Amino acid sequence: MFESCCTNCFYYILLSLGIYFIGKWIYRRRQQDTFANAKSSPKDVVTVHCFPSSTTIPNPSPFVLKLLTFLRAANIPYEIDNKIPYGPNGKSPWITLNGQIYVDSEVIVNHLSKKYNNNLNEGFKDEELAIARTVRVMLEERWFWCMPLWRFVWPQPPLYKAVFQKKTYDNYKFGQRYKNRAMLNGINQFEKPQVISFMLDDMRAVSKILGDKQFLLGSKPCQDDCAVFGQLAQALWALVDSPYEKFMHNEGSNLKEYCFRMKERFWKDWDASLLH
Amino acid sequence: MHNSANSVKVTPKDIVTLHCLGRGKTVPSPSPFVLKLETFLRMAEIDYQIDTKKPFNPKSGKTPWITLNGADLTDTQIIIEHLSKNFEKDLWGEATSEERAIARMTRLTLENHFYWGMVHWRWVKSINTIGNLMPIPVIKLTVAKLVMPRKMKHALNVQGLGRYSYEKMVEFLKEDLRNLSTILGQKDFWLGIAPMEIDCTIFGFLAQVLWGMPGSPYEKLLKDELFNLEEYCNRMREKYYSDFSEILYQPAAKQ
């Protein structure tokens, strides 16, 4: 009896494992089908899959805004798809181009820059580009956190209405998602005033580096200006009533002017790009 | 006075007690943050002693942390700024505000981006050699080898770097090092001929690459290509760690 009990257990375990792996395979196939059947555009037109625009800024994601600004700066035609904002690696934005999928805004920007031979970094010295890259990485890896904290983690309930269309973003449970991520990152270990102080010091540093130049490295924008604009524009237009917005209007006014300059250059249709 | 005493019972006034994990076998501390802080203490000539009995702050759970005149403090940057004020040490010399701003960007890039590449190498890719870096009891080592790779992969996934292929991640992180090399150029120290506060952070990280990540693509990059970074590390080591070999972890039998 003990033997047959063991045999039964063995078969049950085998069956459970079988169901689990088959289910996983089916789920993956359906996911792949989803991505393969995502909206595609005509030849050589990039489809940007991302969250919708908002009422105050063409996109409340700094990485989407970076990507769209780059596409405009490099004169690469694109279309937007909001149906599947999360890509195969679970992040947003992602693109399809001539049937190929590409993920991660920086990987996409570098790939398209090479593919279309459109080098926004031409004419700049290596040391200048190294500094621009350092500013970009700092903003994207560290300063970026001021946004989810301000929008989704600190306020209860999360601040959807001020910037986004509430129904669309509510479904993604950004609040809990970013709270967990912020803890793992380490930024959430600090009290709110300390975090704000860190973030404002970061903005002061960017303001010092920009100085009275028109763009990061001089009188014409480099590739990393798209990323820096994508981040700072959020402070000016999509972090309503925040200390970061106040900073842009007061001490960091050169950053505000920089954002307006980028907007004027690449987003002449800014108002038409907003959510109405 | 640099005392590696393991137990701290009475701390004299104005002596910093640096609570951290123990010494490394190949680098004075396997933590870039501890090395940053210790280098600062040496650069600023602030007396300190090391305590390895309570490496994690009882309140925040973070490491390293310090105690000074009865008061506890965590986060290396907050500690450095507090100590600079307290002991009236300004380690920025003649640096302009723009140079300080670029230094801040550099520090944050290392601490928030490159740091994760180091974590991935040590706790995921090269987990089987972690015992060569620091002394870990056998049972803890076995558990760490089972638990840490999964935990760190999750952390890296959340941070973002974990979602790339390994090769792509290494490519991005090598760019961080190339960046450092380009900005340093032929200077002796980050901002010129004299070391400043930023050098503590940069040395804290580069020392890990050069002496604490053997066999990694980052070590290879420094040794094969970014010679100015290797020379910079040796310069900092000569200046602030003349006792480098003596303070490394020695097994008890040899003492």
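Residues numbered from 1 in each chain as written. Chains lettered and ligands numbered in written order. Predicted model: local features only at pLDDT ≥ 70, side-chain atom pairs only at ≥ 80, totals over all residues. Heavy atoms only, no water.

Caption draft 1: Summary view of the overall build of chain B. Per the secondary structure count, chain B includes 9 helices and 5 strands. Each helix (α) and strand (β) of chain B, taken in turn from the N terminus, gives the series β-β-α-β-β-β-α-α-α-α-α-α-α-α. When the backbone C-alpha atoms are referred to their principal axes, chain B occupies close to 50 × 50 × 35 Å. Per-residue burial for chain B yields a buried fraction of 55% across its 255 residues. A separation of at least 24 residues holds for 75% of the contacts in chain B among residues at least 6 apart in sequence. Carbon together with sulfur atoms contributes 52% to the accessible area of chain B, which is approximately 12,000 Å² in total. (Helix = DSSP H or I, 4+ residues; strand = E, 2+ residues; numbered from the N terminus. Buried < 20%, exposed > 50% of the residue type's maximum accessible area, 1.4 Å probe, protein only. Contact = heavy atoms within 4.5 Å. Areas by Shrake-Rupley, 256 points an atom, 1.4 Å probe, with all protein chains shown as cover.)

Caption draft 2: Region of interest: the confidence of the model for chain A. In the predicted model, chain A carries a mean pLDDT of 87, and the fraction of residues at 70 or more is 90%. Of all secondary-structure elements in chain A, the lowest mean pLDDT belongs to helix α6 (residues 166-170) of chain A, at 55, while helix α11 (residues 253-266) of chain A reaches the highest, 97. (pLDDT = per-residue confidence, 0-100.)

Caption draft 3: Spatial organisation of helix α5 (residues 146-153) of chain A. Summarising burial for α5(A): 8 of the 8 residues are buried, a large majority. Among the residues of α5(A), A:Cys146, A:Met147, A:Pro148, A:Leu149, A:Trp150, A:Arg151, A:Phe152 and A:Val153 are the ones counted as buried.

Caption draft 4: Looking closely at the interface of chain B and chain A. Across the boundary between the two partners, chain B contributes 29 residues, which contact 29 residues of chain A. Each partner contributes to the roughly 2,800 Å² buried at the junction of chain B and chain A, and carbon and sulfur atoms together form 63% of this total. If you sort the residues of chain B by the area they bury against chain A, B:Arg104, B:Met105 and B:Arg163 come out on top, with a joint share of 22%. Counting across the chain B and chain A interface gives 2 salt bridges. Here A:Asp202 makes a salt bridge to B:Arg104, at a shortest N to O gap of 2.7 Å. Linking chain B to chain A there are 9 residue pairs in polar contact (both at pLDDT 80 or more). Looking at the side of chain B that touches chain A, the elements that each hand over two or more residues are α3 (97-125), α4 (138-159) and α5 (166-184) of chain B. (Buried area = accessible area lost by both parts, 1.4 Å probe. Salt bridge = Lys/Arg side-chain N within 4 Å of Asp/Glu carboxyl O. Polar contact = N/O pair within 3.5 Å; in protein donor to acceptor, adjacent residues only side chain to side chain.)

Caption draft 5: Spotlight on unusual backbone geometry. Cis geometry marks the peptide bond from A:Ser92 to A:Pro93; its omega dihedral reads 5 degrees. Considering the arrangement of structural elements, one finds A:Pro93 in the loop between β2 (78-81) and β3 (94-97). Look at the link from B:Thr63 to B:Pro64: it is a cis peptide, with omega at -5 degrees. The topology assignment puts B:Pro64 in the loop between β3 (48-51) and β4 (65-68). Positive phi values are uncommon outside glycine, yet A:Asp44 reaches one of about 65 degrees. Take A:Asp44: it is sitting in the loop between α1 (2-36) and β1 (46-49). Relative accessible area serves as the criterion here: at 30%, A:Asp44 is assigned to the partly exposed category. Of note, A:Asp241 is a non-glycine position whose phi angle comes to about 65 degrees, a positive value. Mapped onto the secondary structure, A:Asp241 falls in the loop between α9 (223-237) and α10 (243-249).

Caption draft 6: Focus on the pattern of salt bridges. For the structure on display, the rule yields 24 salt bridges over all chains. For A:Arg136, the salt bridge is made with A:Glu140, and the minimal N-O distance between the two is 3.1 Å. Taken as a pair, A:Arg136 and A:Glu140 lie in helix α4 (residues 126-141) at a separation of 4 residues, close to a single helical turn. Take A:Arg136 and A:Glu140: they sit in the same class, and that class is buried. With a shortest N-O distance of 3.6 Å, B:Glu38 and B:Arg42 are connected by a salt bridge. Remark: B:Arg42 and B:Glu38 occur in helix α1 (residues 32-43); sequence separation between them is 4 residues, near one turn of the helix. Given the relative accessible area of 0%, B:Glu38 is considered buried. Looking at B:Arg42, the relative accessible area reads 9%, which means it is buried. It is possible to trace a salt-bridge network through shared partners that takes in A:Lys66, A:Glu106, A:Arg136, A:Glu140 and A:Asp224.

Caption draft 7: Structural detail: the side chain of A:Asn59. Residue and element names in this part refer to chain A. Looking at the element boundaries, Asn59 is found in the loop between β1 and α2 (62-73). Note on Asn59: relative accessible area 2%, which makes it buried. If sequence neighbours within four positions are ignored, Asn59 has contacts with Cys50, Phe51, Pro52, Ser53, Val64, Leu65 and Gln234.

Caption draft 8: Summary view of the packing of α9(A) against α11(A). Residues and elements named next belong to chain A. With their axes 9 Å apart at the nearest point, α9 and α11 run at an angle of 115 degrees to one another. Taken together, the axis directions place α9 and α11 in an arrangement best described as roughly perpendicular. Once α9 is placed against α11, the crossing between them reads as left-handed. On α11, the residues that touch Asp225, Cys226, Val228, Phe229, Leu232, Ala233, Leu236 and Trp237 of α9 are Leu255, Lys256, Tyr258, Cys259, Phe260, Met262 and Lys263. Of the residues assigned to the contact of α9 with α11, the class counts are 12 nonpolar, no polar and 3 charged. (Axes fitted to C-alpha atoms, helices over the stretch in contact; angles between N-to-C directions. Parallel < 35°, antiparallel > 145°, perpendicular 65-115°, else oblique. Left-handed = near helix turned anticlockwise from the far one by under 90°. Nonpolar A, V, L, I, M, F, W, Y, C, P; charged D, E, K, R; others polar.)

Caption draft 9: Examining the environment of B:Lys220 more closely. Residue and element names in this part refer to chain B. For Lys220, the position within the fold is in helix α7 (residues 217-224). Overall, Lys220 belongs to the exposed group, its relative accessible area being 53%. In sequence terms Lys220 and Val209 are 11 residues apart; their C-alpha atoms lie 9.0 Å from each other.

Caption draft 10: Local environment of the sheet that holds β1(A). All names here are of chain A. Across the sheet, which stays open at both edges, the 4 strands sit in the order β2-β1-β3-β4 with mixed pairing between neighbours. Looking at strand neighbours, the two that pair on one side only are β2 and β4 (100-103), the edges of this open sheet. If you compare each strand with its neighbour and ignore which way they point, the axes differ by 25 degrees on average. Bridging between β1 and β3 involves 3 bridges; their strand directions are antiparallel. Paired with His49 across the bridge in β3 is Trp94. (Pairing = 2+ DSSP bridges.)

Caption draft 11: Summary view of the environment of A:Leu139. All names here are of chain A. Here Leu139 shows up in helix α4. When its relative accessible area of 1% is taken as the criterion, Leu139 is described as buried. Between the C-alpha atom of Leu139 and that of Gly123, which follows or precedes it by 16 residues, the distance is 24 Å.

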